[in-house]
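What the coordinates show
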Amino acid sequence: LFSDILVKLYNFARQEGRLKLSATLAMADWAPIELVRELALDSFDIAQPILAFCPILNDDTLVEVVKACGFDHRATIAGRSCIGEIVSESLIETED
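Structure report, in brief. Predicted, not measured: the structure shown is a model, and the values here were computed from it. (Residues numbered from 1 in each chain as written. Predicted model: local features only at pLDDT ≥ 70, side-chain atom pairs only at ≥ 80, totals over all residues. Heavy atoms only, no water.)

Another point: the overall build of the protein. The secondary structure content of the protein amounts to 7 helices and 0 strands. Ordered by position from N to C terminus, the α and β elements of the protein give α-α-α-α-α-α-α. Radius of gyration (C-alpha) of the protein: 13 Å, near the 12 Å computed for a compact globule of 96 residues. Burial status across the protein gives 38% buried among its 96 residues. When the accessible surface of the protein is split by element, carbon and sulfur atoms take 56% of a total near 5900 Å². (Helix = DSSP H or I, 4+ residues; strand = E, 2+ residues; numbered from the N terminus. Rg over C-alpha atoms; globule rule 2.2 N^0.38 Å. Buried < 20%, exposed > 50% of the residue type's maximum accessible area, 1.4 Å probe, protein only. Areas by Shrake-Rupley, 256 points an atom, 1.4 Å probe, with all protein chains shown as cover.)

So, in structure tokens, the structure goes:
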């Protein structure tokens, strides 16, 4: 329930608030995955810390970001220290 409320409130957050939230949750292993997903799909400035560092991002979310977002998002995902085979394949399919 807590996660659902945060995701709904996130849609009303201002840019500054989203940036602070992204920076705060980037290294958190306790963050709600639904909220982290929203951050990862946001504009690159907001998504970058999450995509680069967040330990709870799963392959499904990373593949979704690869398919839905642009080159900068994909390049950041490619630079993660450990990505799975499915994520690697989806990155290759983009031909970037």
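Alright, that's what it looks like, and here's the rest.
Turning to helix H5 (residues 59-68), a few remarks are in order. Among all positions in H5, only Thr-61, Leu-62, Val-63, Val-65 and Val-66 are buried. Considering only its buried residues, H5 is in contact with helix H3 (33-40), helix H4 (44-53), helix H6 (71-78) and helix H7 (85-93). (Contact = heavy atoms within 4.5 Å.)

Our focus in this paragraph is the nonpolar core. Among the nonpolar cores identified, the biggest contains 24 residues, and Leu-25, Ile-50, Leu-51, Leu-57 and Ile-77 are the most heavily contacted of them. Taken together, the elements giving at least two residues each to this core come down to helix H1 (2-10), H3, H4, H5 and H7. Beyond its immediate chain neighbours, meaning those up to four positions away, Ile-50 contacts Ser-22, Leu-25, Ala-26, Val-36, Leu-39, Ala-40, Leu-57 and Arg-80. (Core = buried A, V, L, I, M, F, W, Y, C linked by side-chain atoms within 4.5 Å.)

Moving on: unusual backbone geometry. Positive phi, normally seen in glycine, also occurs at Glu-95, with a value near 60 degrees. Mapped onto the elements, Glu-95 comes out in the segment after H7. Overall, Glu-95 belongs to the exposed group, its relative accessible area being 72%.

This part is about the packing of H5 against H7. The interhelical angle for the contact between H5 and H7, taken along N-to-C directions, is 5 degrees, at an axis separation of 9 Å. Classified by the angle between their axes, H5 and H7 sit roughly parallel to one another. In this structure, H5 contributes Asp-59, Leu-62, Val-63 and Val-66 to the contact, and H7 contributes Ile-86, Val-87, Ser-90 and Leu-91. Residue composition of the contact of H5 with H7, grouped by class: 6 nonpolar, 1 polar and 1 charged. (Axes fitted to C-alpha atoms, helices over the stretch in contact; angles between N-to-C directions. Parallel < 35°, antiparallel > 145°, perpendicular 65-115°, else oblique. Nonpolar A, V, L, I, M, F, W, Y, C, P; charged D, E, K, R; others polar.)

This brings us to H7. Every buried residue of H7 is accounted for by Val-87, Ser-90 and Leu-91. Buried residues along H7 cover an arc of 100 degrees about the axis, so they all sit on one side. Of the exposed residues in H7, the ones pointing more than 90 degrees away from its buried face are Glu-85, Ile-86, Ile-92 and Glu-93. The inward-facing, buried residues of H7 contact H5 and H6. Positive backbone phi, at 60 degrees, marks Glu-95, one or two positions downstream of H7. (Arc of directions from axis to C-beta.)

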